[in-house]
Amino acid sequence: MTEFGFGHATDVGRVRSDNQDRYFGDGTVFAVADGMGGHSGGEVASGLVVDSLVNRERIADLADLVNLVHHVNDRIVETARDDPTLHGMGTTISVLAALDLTDGEGRLGIANVGDSRIYRLIGTELEQITEDHSLVEALVRDGRLTPEEASRHPQRNILTRALGIDEKVLVDAWELRAVTGDRYVVCSDGLFNELTAAEMSEVVASTDDPQAAADVLVARACDVGGRDNVTAVVVHVTDADDAGDDDQRVLSIRRAVPEAGTLPPSAPRDEADGSPHGDDDEAGDGDPSPSAPVGAERGRVRGRITWRVGALVVAVVVIVVLAITAVAAWARSSYYVGVQGPDVVIFQGRPGGVLWFDPTVEEPVNLGVVELDDADLDALRAGVEFGDIGEARDYGRRLALRVRSGN
Ligand code: CA
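Being a predicted model, the structure only gives us computed values, none of them experimental.

Colleague: Is there a simple way to explain helix H7 (residues 210-223) in this structure?
Modeller: Helical geometry note: an α-helix holds 3.6 residues per turn, so side chains three or four residues apart project in the same direction. With 14 residues, H7 ought to run about 20 Å at 1.5 Å a step, and its terminal C-alpha atoms sit 20 Å apart, in line with that. Burial in H7 covers these residues: Pro-210, Ala-213, Ala-214, Leu-217, Val-218, Ala-221 and Cys-222. All buried residues of H7 lie within an arc of 165° about the axis, which places them on one face of the element. Structurally, H7 contributes buried residues whose contacts are with strand E1 (3-11), strand E10 (183-187), helix H5 (189-192), helix H6 (197-206) and strand E11 (230-239). Where H7 starts, the residue carrying a side-chain oxygen 3.0 Å from the main-chain nitrogen of Gln-211 turns out to be Asp-209.

Below you can see the structure in the form of structure tokens.
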């Protein structure tokens, strides 16, 4: 069984009046949940994460870990349904767990929803494992913001996924090899929006005491701003049944990709390949049709040429039809939140349309343009895109919540 040392710390920060972050660590499972929602909703949602981890069943493999996250989501959705004052509450979850496999090899599972993070430190190299489900992360991925700009962006707390918002939730998960000496940091955005990766790495590498590292991380984040609740769990892998190649730590990645209609997915749904950077793009699908063999013997092969020309025409028609179908599917496979007249609404399609495929109004967001400030209005006029309608709804709810709570 893999053994760990760990420490954790949390602080309300310098700006907020209550701490909606929760952490968990019991020697085999470590987690951070960053709750959100008015009244006591945020604390209830993140508290349900902790309660579900305390009362968990055995986590034998990655599927068990992902199921656990789905179970927490169900509990939060049901709790909010039963109590109107908790309506709209949600939480992130970033969880690291020793997988209780029977083959003896130390394996770790990671599951993530929202914008809390898990980093791994090898020596002094800090690497972010999880990917945020937030608006600014989407803008960074798009090249429209740098990570530094994202950490100061006024809309940095808008999530594209969270627990408790919908009955269906998309969970990203990783399976890693446990390697003695590796260190992990599980934290809320209140930490990484204040400290750079280099600052975090320096603190975690500087001491063999994970509790001291967690205390220093949180204290420093408060010292330099503390604009949000700050939470860190520092985990040291102290004894792993090391087997196999230490350089091959990531064994599998399961990114939950929103359903992409009829268009073939551009990224693999299940990356069995261990390398997080190893996107070997395959070359195109081959050229569709070599030119027909016209030449000296034309007269003799007339029948064949005719057949080949016919086949070529059919191939070209098929390719054109497939291309139009693909463009139509792509144009309609996305949703965005935008503005129509005085209302904020969810559109199906792409902002501005694609060719002759115009976006259509899918549903209202229950938010008026007059409630928005200029920055939000500009973002919505341009259209904020999502892969599925659930994410667009999450964004709309969160935007309404934020606008009305004045955050
Ligand atoms: Ca936060």
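Colleague: Quick question: what am I supposed to make of the coordination of the calcium ion here?
Modeller: Each protein donor to the calcium ion is listed here as Asp-34 (OD), Asp-189 (OD) and Asp-228 (OD); together their distances run 2.2 to 2.4 Å. Written as a sequence motif, the donor residues of the calcium ion are D-x154-D-x38-D. With Asp-34 in strand E3 (residues 29-36) and Asp-189 in helix H5, this pair connects stretches of sequence that are 155 residues apart. On the accessibility criterion, Asp-189 (4% relative accessible area) is buried.

Colleague: Would you mind going over the sheet that holds E10 with me for this structure?
Modeller: Strands belonging to one sheet form pairs held by backbone hydrogen bonds; the direction of such a pair is parallel or antiparallel. If you walk across this open sheet you meet the five strands as E1-E11-E10-E7-E8, and the pairing is antiparallel. Each of the sheet's edge strands pairs with one partner strand only, and the pair in question is E1 and strand E8 (125-128). Shown here is a sheet whose adjacent strand axes are inclined to one another by a mean of 20°, direction ignored. Here E1 pairs with E11 via nine bridges, running antiparallel. Each bridged residue has a counterpart across the sheet, and for Phe-4 the counterpart in E11 is Val-237. Sitting on the sheet, H6 touches strand E7 (117-122), E8, E10 and E11, and the angle it makes with E10 is about 125°. Sheet strands in contact with H7 are E1, E10 and E11, and its direction is about 25° off that of E1.

Colleague: What's the story with the packing of H6 against H7 in this structure? I'm lost.
Modeller: Helix-helix packing: each pair is described by the crossing angle between the helix axes and the interaxial distance. Between H6 and H7, the shortest axis-to-axis distance is 9 Å and the interhelical angle comes to 150°. As judged from the angle between their axes, H6 and H7 are roughly antiparallel. In terms of crossing hand, the pair formed by H6 and H7 is right-handed. Residues Met-200, Glu-202, Val-203 and Val-204 of H6 lie in contact with H7, whose contacting residues are Ala-213, Val-216, Leu-217 and Arg-220. Each residue belonging to the contact of H6 with H7 can be placed in one class, and the counts come to six nonpolar, no polar and two charged.

Colleague: Could you clarify how one ought to interpret the environment of Phe-357 in this entry?
Modeller: Along the chain, Phe-357 falls in the loop between strand E15 (343-348) and strand E16 (360-368). Measuring from C-alpha to C-alpha, the distance between Phe-357 and Val-327 comes to 8.9 Å, with 30 residues separating the pair along the chain. Among all residues touching Phe-357, those that are not within four sequence positions of it are Val-327, Ala-328 and Ala-331.

Colleague: Help me understand the nonpolar core, please; the structure alone is not making it clear to me.
Modeller: Generally speaking, a soluble globular protein has its nonpolar side chains buried in company with each other. Leu-53, Leu-65, Val-69, Val-95 and Leu-163 are the most contacted members of the largest nonpolar core, which has 30 residues in total. Grouped together as the second largest cluster of nonpolar side chains are 23 residues, Ala-150, Val-384, Ile-389 and Ala-392 included.

Colleague: For this particular structure, what's the right way to read a nonpolar patch on the surface?
Modeller: Judged by side-chain polarity, Leu-312, Val-316, Val-320, Ile-324, Leu-355 and Trp-356 come together as a nonpolar surface patch covering roughly 580 Å² of accessible area. As for its placement among the helices and strands, Val-316 is situated in helix H8 (residues 302-332). Residue Val-316 is classed as partly exposed on the basis of its relative accessible area, which comes to 43%.

Colleague: What am I meant to see in the packing of aromatic side chains here?
Modeller: By convention here, two paired aromatic rings are described through the distance between centres and the angle between planes. Under the counting rule described, the total for this entry stands at four aromatic pairs. Aromatic side chains Tyr-336 and Phe-347 sit 4.8 Å apart centroid to centroid with 15° between the ring planes, which places their arrangement in the stacked category. One end of the pair, Tyr-336, is in strand E14 (residues 335-340); the other, Phe-347, is in strand E15, and eleven residues separate them in sequence. Like Tyr-336, the residue Phe-347 is buried in the burial classification. Ring plane angle 45° and centroid distance 5.2 Å describe the contact between Phe-386 and Tyr-395, whose orientation is recorded as tilted. On the basis of relative accessibility, which here comes to 5%, the residue Phe-386 falls in the buried class. Judged by relative accessible area, Tyr-395 falls into the buried class, the value being 0%.

Cut-off values and rules
Residues numbered from 1 in each chain as written. Predicted model: local features only at pLDDT ≥ 70, side-chain atom pairs only at ≥ 80, totals over all residues. Heavy atoms only, no water. Helix = DSSP H or I, 4+ residues; strand = E, 2+ residues; numbered from the N terminus. Expected span 1.5 Å × (residues − 1). Buried < 20%, exposed > 50% of the residue type's maximum accessible area, 1.4 Å probe, protein only. Arc of directions from axis to C-beta. Contact = heavy atoms within 4.5 Å. Polar contact = N/O pair within 3.5 Å; in protein donor to acceptor, adjacent residues only side chain to side chain. Donors = N, O, S within 2.8 Å, 3.2 Å for Na, K, Ca; no water. Pairing = 2+ DSSP bridges. Axes fitted to C-alpha atoms, helices over the stretch in contact; angles between N-to-C directions. Parallel < 35°, antiparallel > 145°, perpendicular 65-115°, else oblique. Left-handed = near helix turned anticlockwise from the far one by under 90°. Nonpolar A, V, L, I, M, F, W, Y, C, P; charged D, E, K, R; others polar. Core = buried A, V, L, I, M, F, W, Y, C linked by side-chain atoms within 4.5 Å. Patch = residues over 30% accessible without salt bridge, like charges linked within 9 Å, V, L, I, M, F, W, Y side chains within 5 Å. Areas by Shrake-Rupley, 256 points an atom, 1.4 Å probe, with all protein chains shown as cover. Salt bridge = Lys/Arg side-chain N within 4 Å of Asp/Glu carboxyl O. Phe/Tyr/Trp six-rings, centres within 6.5 Å; stacked < 30°, edge-to-face > 60°.

The analysis is restricted to geometry; functional conclusions fall outside its scope.
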